[in-house]
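Structural description and commentary
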Amino acid sequence: MSENNLNQYDGGPMNGSSGNNRNNNNRNNGSGGPGGPGGNGDGPKRQNLLMLLIASLVTLLMMSWVMSKMTGATDLEISYNEFIEKLEAGEIESVQITDDRINIYPKKTTPKTPQDMIPRTYYTGRAEDDSTLTRRLLENDVEVAKEIPDNSGMLFSILLTYVLPLVLVWVLLSFLFRRMSGGGGPMGVGKSNAKVYVQKETGITFKDVAGEDEAKESLQEVVDFLHNPGKYSKIGAKLPKGALLVGPPGTGKTLLAKAVAGEAGVPFFSLAGSDFIELYVGVGASRVRDLFKEATKNAPCIIFIDEIDAIGRSRDSKYGGGNEEREQTLNQLLSEMDGFDTSKGILILGATNRPEILDKALLRPGRFDRRIIVDKPDLKGRVAILKVHSKDVLMDDSVDLDAIALATSGAVGSDLANMINEAAINAVKHGREYVCQKDLFEAVELVLVGKEKKDRIMSKEERRIVSYHEVGHALVSALQKNSEPVQKITIVPRTMGALGYVMHVPEEEKFLNTQAELHDMLVGLVGGRAAEELVFDTVTTGAANDIEKATNIARSMVTQYGMSRKFGLVGLETVESRYLDGRTVMNCSDVTAAEVDKEVMDILKEAYEEAKKLLSENREILDKIAAYLIEKETITGKEFMEIFRKEKGLPEPEEKEDNEGREEIPKEQEDAAEAALDNGAAEQ
Ligand code: ADP
Ligand code: ZN
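Here's what I pulled together on the structure shown here.

Moving on: the site of ligand 1. Surrounding ligand 1, one finds 16 residues, the nearest of these being Ala-210, Gly-250, Lys-253, Thr-254 and His-389. Gly-250 is positioned such that a nitrogen or oxygen atom in its backbone is 2.8 Å from an oxygen atom of ligand 1. For ligand 1, an oxygen atom lies 2.6 Å from a polar atom in the side chain of Thr-254. In the complex, 87% of the free accessible area of ligand 1, which totals 550 Å², lies under the protein chains. Counting only elements with at least two residues in the shell around ligand 1, the list comes to α8 (253–264), α14 (379–389) and α16 (413–429). When residues in the shell around ligand 1 are grouped by element, the largest group, 3 residues, is from α8. When its residues are assigned to classes, the shell around ligand 1 shows 5 nonpolar, 8 polar and 3 charged. Formed jointly, the shell around ligand 1 draws a minimum of three residues from each of two domains, domain 4 (191–373) and domain 5 (379–448).

Structure (structure tokens):
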């Protein structure tokens, strides 16, 4: 039940169902998934085309401008009066009458100035006296010609006025369409962009995926299938058509799928479920068709559909089903899956973190009938992941990846990868050539609780309150038997909202929590608030996050773990989205629900009273440590325990072998807890 008993209290949650919200929230970013880089595969080509178009347009405009200037120099407009004057004066040799103007060609004169060397023509508009004009012209011996339509010019002008805009609009539209549909042109809206994201060689093998041994084992078999389809088909065995990779975000589902392709040496087609869903009805279905067509051509291969819940969402309305387009897409997917021949060696891998909302039809035998759980890594897995990612990172001797793994329970692969990278950046920032343990711990804290906000100035009074609050947590847990050791207490605010926090690191990874441990956790969580009330006789908004966590634990105890006196072993809540936020639904009557609330309240009230009692009995120690914390801002668990033991008159404990490494970490190298939004509410 407790795969992530992360440093409770401010440190974080403990139980599988209610705990890991925050951890999940900031995780998605790491796992970009497929689809990204491929999308603009033909981008440069399209750009070239556009450039060409713009260039020719500009040339055209310039040409026509130059032409008009050139003719303007020799071709002068004159008024109708002037024209008649010239006519009467007998200066005109000939005229040409066109639809809208009269071109006038004067008689050749002997040039007097250099300007006269240029043959000049004139033109004027047509007045409505055509019949008299013709007579006059003839009387004056002027040659008259009617314009012979110049077809080439006309063609050009038609091109310019009709065809060009048309072409431009078409280009623009197709450009927009492409943008909207991510592929095809206006004629091929539904073209799959799957082929854009094909990797012939993923270059990733199972070695790159750390932890997740069970998942790898299940996939090993399909790899063998893909490698060697003949071996299986000879006997009559069929390759499974699809497998569903199920797990929280960032645990390496995409990575595993790529590794399968890499191990089998087959191409990797990938698409995210949301890529299928478009503005237009029918697009998704046609994409599915294209995807399978393309894949069949390239068989054997892997088709990976990330976020398959986006299309595979149950068609009944409970999960927001009933979307025409999605249903069509899903139906197409189902029929394609039924249709293709596995002996060719096509394997479909789907990834999701919400398996519960998938349509049953998708999960039945012959479709995604295998389910491979890719869960959050355990301690061993985390160490392995850290090792994989630090392979190419220069590290000095102080680095102890086991300690990091112990401090990061609940973190997933992408978090850990991120931490290693942050640590390397830290080292560079400090001008060091090797990453040391301190960098790593800083990175852990950075990923989990954000940056230190050194410039935030808290008033003296606030610092006092925060200090008492944190020491309240720590002291309560130290006074109890079943609490995890305190590793660090700090009142340096963090960017993710915590004004201070206490970090606990378990001595070993736990998979179960006893009722006594849960109880102590509750008391510890409300210890902060209890200290505030005890010392300042007032309470602050700072306990909001503690209260939320405590309530979650208490509620789970009552509704899921059968740990309440009143209800006993009744399951009153079921976890709905196990891999995402651990959301639960009540499955009991309203009356019972009200009673559950009452029971939860009672449990919390009891815990609070107990915390207050513990603290008031140890008020002197509380004052002492709080004062010390105000002065130091950050103290280690060791310092804390020293004062605690001295005040209590307890003997020094014998150093435990396996704990030594951790205890000797200097103050700043202390590790991190999951986000502690103490005083988080005050932030808003
Ligand atoms: P998911 O698809 O489950 O959301 P990804 O496969 O996209 O997660 O993982 C994101 C990144 O996290 C990977 O590229 C890898 O760097 C790292 N990662 C996650 N899990 C593991 C693991 N088990 N071993 C090694 N690296 C991992
Ligand atoms: Zn607190």
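Mapping Thr-329 onto the fold places it in helix α12 (residues 324–339). Residues Thr-329 and Val-283, 46 residues apart in the sequence, show an inter-C-alpha distance of 8.0 Å. Setting aside residues no more than four positions away along its own chain, Thr-329 makes contact with Phe-276, Ile-277, Gly-284, Ala-285, Val-288 and Ile-311.

This part is about the side chain of Lys-241. Looking at the element boundaries, Lys-241 is found in the loop between α7 (229–235) and β7 (242–246). Despite its burial, Lys-241 pairs with no opposite charge; the closest candidate is Asp-338, at 4.9 Å N-O. Only 3.2 Å separates the side chain of Lys-241 from the backbone oxygen of Asp-338, close enough to count as a polar contact. Once residues within four sequence positions are removed from consideration, Lys-241 is found in contact with Met-337, Asp-338, Phe-340, Thr-342, Ile-346, Leu-347, Ile-348, Gly-366 and Arg-367.

A few words now on unusual backbone geometry. The phi angle at Glu-212 is positive, at roughly 50 degrees, despite the residue not being glycine. Here Glu-212 is to be found in the loop between β6 (198–199) and α6 (213–227). One non-glycine residue with positive phi stands out, namely Glu-307, at about 40 degrees. Along the polypeptide, Glu-307 turns up in the loop between β9 (301–306) and α11 (309–312). We classify Glu-307 as partly exposed; its relative accessible area is 34%.

With respect to the helices and strands, Glu-631 occurs in helix α22 (residues 619–632). Judged by its relative accessible area of 61%, Glu-631 is exposed. Along the sequence, Glu-631 and Ser-467 sit 164 residues apart, while their C-alpha atoms lie 9.8 Å from each other.

With that settled, the discussion passes to the nonpolar core. Residues Ile-489, Leu-522 and Leu-622 are the most contacted members of the largest nonpolar core, which totals 50 residues. Among the elements of the structure, α18 (460–479), β12 (486–490), α19 (515–536), α20 (544–559), α21 (590–617), α22 and α23 (637–648) are those that each provide at least two residues to this core. Top contributing element to this core by residue count: α19, with 10 residues. Once residues within four sequence positions are removed from consideration, Ile-489 is found in contact with Glu-470, Ala-474, Tyr-501, Val-502, Leu-629, Glu-633, Thr-634, Ile-635 and Phe-640. Counting residues in each nonpolar core, the second largest holds 28 residues, with Phe-206, Val-209, Ile-302 and Leu-349 among its members.

The next thing to look at is the sheet that holds β12. As summarised here, the arrangement of the 3 strands in space is β13-β12-β16, forming an open sheet in which the pairing is antiparallel. Both outer strands of the open sheet, β13 (501–504) and β16 (634–636), are each paired with one neighbouring strand and no more. Along the sheet, successive strands turn relative to each other by an average axial angle of 15 degrees, direction set aside. Across 3 bridges, the pairing between β12 and β16 is antiparallel. In the strand pairing of β16, Lys-488 is matched with Thr-636. Taken strand by strand, α23 contacts β12 and β16, and its axis lies near 75 degrees from that of β16.

Okay, the packing of α18 against α22 next. A pair of packed helices is characterised by two quantities: the angle between their axes and the separation of those axes. At a minimum axis separation of 9 Å, α18 and α22 run at an interaxial angle of 125 degrees. One way to sum up the angle between α18 and α22 is to call them oblique. Regarding α18 and α22, the two cross each other, and that crossing is right-handed. From α18, Arg-463, Arg-464, Ser-467, Tyr-468, Glu-470, Val-471, Gly-472 and Leu-475 reach across to α22, where they touch Ile-621, Leu-622, Asp-623, Ile-625, Ala-626, Leu-629 and Ile-630. Taken together, the residues of the contact of α18 with α22 sort by class into 9 nonpolar, 2 polar and 4 charged.

In spatial order, the strands read β1-β4-β3-β2-β5; together these 5 strands make up an open sheet with mixed pairing. Here the strands that pair on one side only, and so sit at the sheet edges, are β1 (75–77) and β5 (143–146). Between one strand axis and the next, the sheet turns through 25 degrees on average, direction left out of account. Across 3 bridges, β1 lies against strand β4 (residues 121–125) in parallel orientation. What sits directly across from Glu-77, in β4, is Tyr-123.

Most of strand β10 (residues 346–352) sits out of view: 7 of its 7 residues are buried. Residues of β10 alternate between two faces, with Ile-346, Ile-348, Gly-350 and Thr-352 on one and Leu-347, Leu-349 and Ala-351 on the opposite face, all of them buried. Sheet topology note: the β7/β10 ladder contains 5 bridges and is parallel. Pairing of Leu-245 across the sheet is with Ala-351, part of β10. Of the pairings in the sheet, the one linking β9 to β10 comprises 5 bridges and is parallel in character.

Moving on, we get to the pattern of salt bridges. Applying the stated rule across the entire model yields 24 salt bridges. A salt bridge links Glu-573 to Arg-555, with the nearest nitrogen and oxygen atoms 3.6 Å apart. Placement of Glu-573 in strand β14 (residues 573–575) and of Arg-555 in helix α20 is noted, with a sequence separation of 18 residues between them. Glu-576 is the partner of Arg-583 in a salt bridge, and the nearest nitrogen-oxygen pair spans 3.2 Å. By sharing partners, the salt bridges in this structure join Glu-445, Glu-452, Lys-488 and Arg-494 into a single network.

Our focus in this paragraph is the packing of α16 against helix α17 (residues 437–449). It is the contact of α16 with α17, at a shortest axis distance of 8 Å, that shows an interaxial angle of 125 degrees. The orientation of α16 relative to α17 falls into the category oblique. The two elements α16 and α17 cross, and the hand of that crossing is right-handed. On α17, the residues touching Asp-415, Asn-418, Met-419, Ile-420, Glu-422, Ala-423, Asn-426 and Ala-427 of α16 are Asp-439, Leu-440, Glu-442, Ala-443, Val-444, Leu-446, Val-447 and Leu-448.

Turning to the packing of aromatic side chains, a few remarks are in order. Taken as a whole, this structure holds 5 aromatic pairs when the rule is applied. On the basis of an interplanar angle of 70 degrees and a centroid distance of 5.6 Å, the ring pair of Tyr-80 and Phe-83 is categorised as edge-to-face. Residue Tyr-80 and its partner Phe-83 are both found in helix α3 (residues 80–88); the two are separated by 3 residues, about one turn of the helix. Under the relative-accessibility criterion, Tyr-80 is labelled buried at 18%. Taking the centre distance of 5.5 Å and the plane angle of 85 degrees together, the rings of Tyr-468 and Phe-536 count as edge-to-face. Taken together, the residues Tyr-468 in helix α18 and Phe-536 in helix α19 connect sequence positions 68 residues apart. A relative accessible area of 6% places Tyr-468 in the buried class. Over the ring of Tyr-122 we find Lys-86, and its NZ or CZ is 4.5 Å from the ring centre.

What counts and how
Residues numbered from 1 in each chain as written. Chains lettered and ligands numbered in written order. Predicted model: local features only at pLDDT ≥ 70, side-chain atom pairs only at ≥ 80, totals over all residues. Heavy atoms only, no water. Near = heavy atom within 4 Å. Polar contact = N/O pair within 3.5 Å; in protein donor to acceptor, adjacent residues only side chain to side chain. Areas by Shrake-Rupley, 256 points an atom, 1.4 Å probe, with all protein chains shown as cover. Helix = DSSP H or I, 4+ residues; strand = E, 2+ residues; numbered from the N terminus. Nonpolar A, V, L, I, M, F, W, Y, C, P; charged D, E, K, R; others polar. Domains from an automatic or database assignment. Contact = heavy atoms within 4.5 Å. Buried < 20%, exposed > 50% of the residue type's maximum accessible area, 1.4 Å probe, protein only. Lys, Arg positive; Asp, Glu negative; His and termini not counted. Salt bridge = Lys/Arg side-chain N within 4 Å of Asp/Glu carboxyl O. Core = buried A, V, L, I, M, F, W, Y, C linked by side-chain atoms within 4.5 Å. Pairing = 2+ DSSP bridges. Axes fitted to C-alpha atoms, helices over the stretch in contact; angles between N-to-C directions. Parallel < 35°, antiparallel > 145°, perpendicular 65-115°, else oblique. Left-handed = near helix turned anticlockwise from the far one by under 90°. Phe/Tyr/Trp six-rings, centres within 6.5 Å; stacked < 30°, edge-to-face > 60°. Lys NZ or Arg CZ within 6 Å of the ring centre and 35° of its normal.

Don't take any of this as a statement about function, it's just geometry.
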